[in-house]
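Coordinate analysis (summary)
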Amino acid sequence: MATKQNNFYLQYQQAAKAGKTSARNAFLRKAAPGIIIVAGCLLAWGGVVVHTALMRGQASDLRAWCADEQNLTSYQQSLQDQQAADTYHSLADYANGVSALLDSYPDLTSSLLNRIDAAGSSSGITVEFTSYDAATGVLQFNATSDTVIDIPAYVRALQSCGVFSGVDYTGYQSTNNQGGPAGYALNLRCVLAAPE
């Protein structure tokens, strides 16, 4: 009959080894999330350090480029060109605004005077311009005729000729007492209309 030999020491060692492995596995299961988090933080920190080092290198390159006398001269020239361009655009905008203002304001030209003259020519009325105020656009003139002037018809003709925004008159008077030929004169004060 065979005898069984029990090696208690070997069994003890195996049991101790199994216990340690089990304890280590339990510890690793509990510590694994913390280890992963620490490793991730170290990796992120390392990335930040590397990125910062790269940025410092680029910043020092930029500082060196900015400190270069040739680049400073070009930069100063660029600033002066920008200031000159801004000044030019400001003056151009101002000139365009003044031009637009002048274009919108009535201008007394020969064509306007001819249109005013033509408004009364069918009635035998002649026009004598007495004054023009460019600041207000007010034109004053006398309309004279050998016969009594049909005031409402002449005022309507002046209003419809497209030259005036307003037509005012003070009435008419006989020119007999002024030593000239017999006739009648109408004093008009009209405001030039802005062109459309």
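Attention here is on the structure that accompanies the text. Keep in mind that what you see is a predicted model, and the values were worked out from it rather than measured.

Assigned secondary structure in the chain consists of four helices and four strands. Helices (α) and strands (β) of the chain occur, in sequence order from the N terminus, as α-α-α-β-β-α-β-β. For the chain, the proportion of its 196 residues judged to be buried stands at 16%. Long-range contacts, defined as pairs at least 24 residues apart, comprise 54% of the intrachain contacts of the chain with a sequence gap of at least 6.

Closest axis-to-axis distance for the helix H3 (residues 110–121)/helix H4 (residues 151–160) pair is 9 Å, and the angle between their directions is 150°. With respect to the hand of their crossing, H3 and H4 are arranged in right-handed fashion. Contacts from Ile116, Ala119 and Gly120 of H3 reach H4 at Tyr154, Ala157 and Leu158. Taken together, the residues that form the contact of H3 with H4 break down as five nonpolar, one polar and no charged.

This brings us to the side chain of Asn142. As for its position among the elements, Asn142 is in strand E2 (residues 138–145). By relative accessible area, Asn142 is classed as buried at 19%. Excluding anything up to four places from it in sequence, Asn142 contacts Thr126, Val127, Glu128, Thr130, Leu186 and Asn187.

Calculation notes
Residues numbered from 1 in each chain as written. Predicted model: local features only at pLDDT ≥ 70, side-chain atom pairs only at ≥ 80, totals over all residues. Heavy atoms only, no water. Helix = DSSP H or I, 4+ residues; strand = E, 2+ residues; numbered from the N terminus. Buried < 20%, exposed > 50% of the residue type's maximum accessible area, 1.4 Å probe, protein only. Contact = heavy atoms within 4.5 Å. Axes fitted to C-alpha atoms, helices over the stretch in contact; angles between N-to-C directions. Left-handed = near helix turned anticlockwise from the far one by under 90°. Nonpolar A, V, L, I, M, F, W, Y, C, P; charged D, E, K, R; others polar.

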